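Take a look at the letters that make up each chain.
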Amino acid sequence: MIKSFQQEIIFVTGKGGVGKSAVAAGIALKRSKEGKKTLLVELGYQSFYTDYFAEQLKAPVAFSPVRVTDNLDVALWSGPECLREYAIYLLKSESIYKLFFENSVSKALINVAPALPELAITGKITSGPRHVGPPLRYDVIVVDAFATGHFLALLKAPQGMAEAIQFGPMGDQSRSIDKVLKDSNQCKYFIVSLPEELPTAESLELAEGIEKTLGAKPVIVMNKMLPVEVTPHEGASDFEKFLTNSQQRQNQALSLLGGRPLQKISFCFQNDSWKVVESISQEINL
Ligand SMILES: Nc1ncnc2c1ncn2[C@@H]1O[C@H](COP(=O)(O)OP(=O)(O)OP(=O)(O)O)[C@@H](O)[C@H]1O
Ligand SMILES: [Mg+2]
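Reading guide: rules and limits
- Residues numbered from 1 in each chain as written.
- Chains lettered and ligands numbered in written order.
- Predicted model: local features only at pLDDT ≥ 70, side-chain atom pairs only at ≥ 80, totals over all residues.
- Heavy atoms only, no water.
- Helix = DSSP H or I, 4+ residues; strand = E, 2+ residues; numbered from the N terminus.
- Buried < 20%, exposed > 50% of the residue type's maximum accessible area, 1.4 Å probe, protein only.
- Contact = heavy atoms within 4.5 Å.
- Phe/Tyr/Trp six-rings, centres within 6.5 Å; stacked < 30°, edge-to-face > 60°.
- Lys NZ or Arg CZ within 6 Å of the ring centre and 35° of its normal.
- Patch = residues over 30% accessible without salt bridge, like charges linked within 9 Å, V, L, I, M, F, W, Y side chains within 5 Å.
- Areas by Shrake-Rupley, 256 points an atom, 1.4 Å probe, with all protein chains shown as cover.
- Salt bridge = Lys/Arg side-chain N within 4 Å of Asp/Glu carboxyl O.
- 1 Å grid on protein atoms, 1.4 Å probe; cavity = no way out; pocket = protein on both sides within 12 Å on 5 of 7 lines; lining within 4 Å.
- Points joined across faces, edges and corners; volume = space filled by probe spheres on them.
- Nonpolar A, V, L, I, M, F, W, Y, C, P; charged D, E, K, R; others polar.
- Expected span 1.5 Å × (residues − 1).
- Pairing = 2+ DSSP bridges.
- Near = heavy atom within 4 Å.
- Polar contact = N/O pair within 3.5 Å; in protein donor to acceptor, adjacent residues only side chain to side chain.

Concerning the overall build of the protein chain
Working step 1: Looking only at helices and strands, the protein chain features twelve helices and eight strands.
Working step 2: Projected onto its principal axes, the C-alpha coordinates of the protein chain cover approximately 75 × 40 × 40 Å.
Working step 3: Counting the 286 residues in the protein chain, one finds 49% classified as buried.
Working step 4: A fraction of 72% describes how many contacts in the protein chain between residues 6 or more apart in sequence connect residues 24 or more apart.

Describing the packing of aromatic side chains
Working step 1: In total, this model carries twelve aromatic pairs according to the counting rule given.
Working step 2: Judged by centre distance (4.8 Å) and plane angle (50°), the rings of Phe267 and Phe269 are tilted.
Working step 3: Within the aromatic cluster, the residues linked to one another by ring pairs are Phe48, Tyr49, Tyr52, Phe53 and Trp274.
Working step 4: Seen from the ring of Tyr138, Lys37 lies directly overhead, with NZ or CZ sitting 4.2 Å from the centre.
Working step 5: Cation over ring: Lys124 sits above Trp77, and NZ or CZ is 4.8 Å from the ring centre.

Considerations on a nonpolar patch on the surface
Working step 1: A cluster of nonpolar side chains, contributed by Tyr89, Leu90, Leu91 and Ile96, occupies part of the molecular surface with about 330 Å² of accessible area.
Working step 2: With three residues, helix H3 (residues 79-91) is the largest single contributor of residues to the nonpolar patch.
Working step 3: As for its placement among the helices and strands, Leu90 is situated in helix H3.

Thoughts on the layout of surface pockets
Working step 1: Within this model, the second largest pocket holds a volume of roughly 320 Å³.
Working step 2: Lining the second largest pocket we find 15 residues, and of these Lys224, Leu226, Phe242, Ser246 and Gln250 sit closest to its centre.
Working step 3: When residues of the lining of the second largest pocket are assigned to their parent elements, the largest contribution, six residues, is made by helix H11 (residues 238-255).
Working step 4: When its residues are assigned to classes, the lining of the second largest pocket shows ten nonpolar, two polar and three charged.

What about H11?
Working step 1: Between its first and last C-alpha atoms H11 spans 26 Å; for 18 residues at 1.5 Å apiece the expected length is 26 Å, and the two agree.
Working step 2: Looking only at H11, the buried set comprises Leu243, Thr244, Ser246, Gln247, Gln250, Ala253 and Leu254.
Working step 3: If you follow the buried residues of H11, they end up packed against helix H10 (197-214), strand S7 (219-225) and strand S8 (262-266).

Observations concerning the pairing of strand S1 (residues 8-14)
Working step 1: Of all seven residues in S1, seven are buried, a share of seventy percent or more.
Working step 2: Where S1 meets strand S5 (residues 140-144), five bridges bridge the pair, whose relative direction is parallel. Counterpart to Glu8 in the pairing with S5 is Val140.
Working step 3: Judged from the six bridges that link them, S1 and strand S6 (residues 187-193) form a sheet pairing that is parallel. For Gly14, the partnering residue across the bridge sits in S6 and is Val192.

Points about the site of ligand 1
Working step 1: Residues in close proximity to ligand 1 total 16 residues, the closest being Gly17, Lys20, Ala22, Tyr52 and Cys268.
Working step 2: In the environment of ligand 1, an oxygen atom lies 2.8 Å from a nitrogen or oxygen atom belonging to the backbone of Gly17.
Working step 3: Lys224 is positioned with one of its side-chain polar atoms (N or O) 3.1 Å from an oxygen atom of ligand 1.
Working step 4: If ligand 1 stood free it would expose 630 Å²; the protein chains cover 73% of that surface.
Working step 5: Contributing elements (two or more residues each) for the shell around ligand 1: helix H1 (20-33), S7 and S8.
Working step 6: In terms of residue count, the dominant contributor to the shell around ligand 1 is H1 (three residues).

Right, dumping it as structure tokens:
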């Protein structure tokens, strides 16, 4: 029997520009400093971390992991690359893969097959606990995932495919991916938000979507919180008034969350991206 190992998989999502990538990197850095071998994964075709970690990286971020710092690697996974890797693994030959997949007919088929790229990505992310595909020897995988709607589509893909294809290996694979995504001992979900009314309302909607899709209870990370407490007083300066105002709006946003799991991350006044990530890693509770 294959020796099972407990790999922690952490998904970080949220609306555009709220700090998903910085928070995902902070979470990954925290785990790596705890001595866990950690892989930070970005999804899609274009790397954000290549520039963000320009000082730490010796090579651009690619499909195969590159080293950021001790215990921390980063990789960029797209649907087609995940699919290609899995197909080569199954077929045990790159030339057979090319024969079947690298012709215009099957390329067109792959491009129109709904949810196939999403299935390949979730398949790769959950390949460790499922013991499928090339070994992914990390204690922790932190995914800087797609924003809101696209993220829900990613999570729904395995279940949708399992319903569409009841039998055979494709159905089995889809069911096993879905099972890992729904396992709260294995996967955790963080929604990054800003402490303002509109982003908070959107984050709540996303949290409900994740709950409905997976039964998981995501944590909302309120990012860029005011790092100081201000008390309104007589003769306050314009800047103090601005801070008081921001604090009130922040508290209103927080009150919308009800009893949902919450983490707060302060705004970090640093130009250096690595310092921002370090500051987030020190503040986040996992
Ligand atoms: N707590 C923080 N304090 C200070 N700056 C922050 C904080 N969180 C994120 N930032 C900065 O805000 C900017 C946007 O963050 P980031 O790129 O992580 O957002 P994102 O949600 O990943 O954006 P996108 O949707 O484009 O992928 C970055 O320059 C990042 O360094
Ligand atoms: Mg990002």
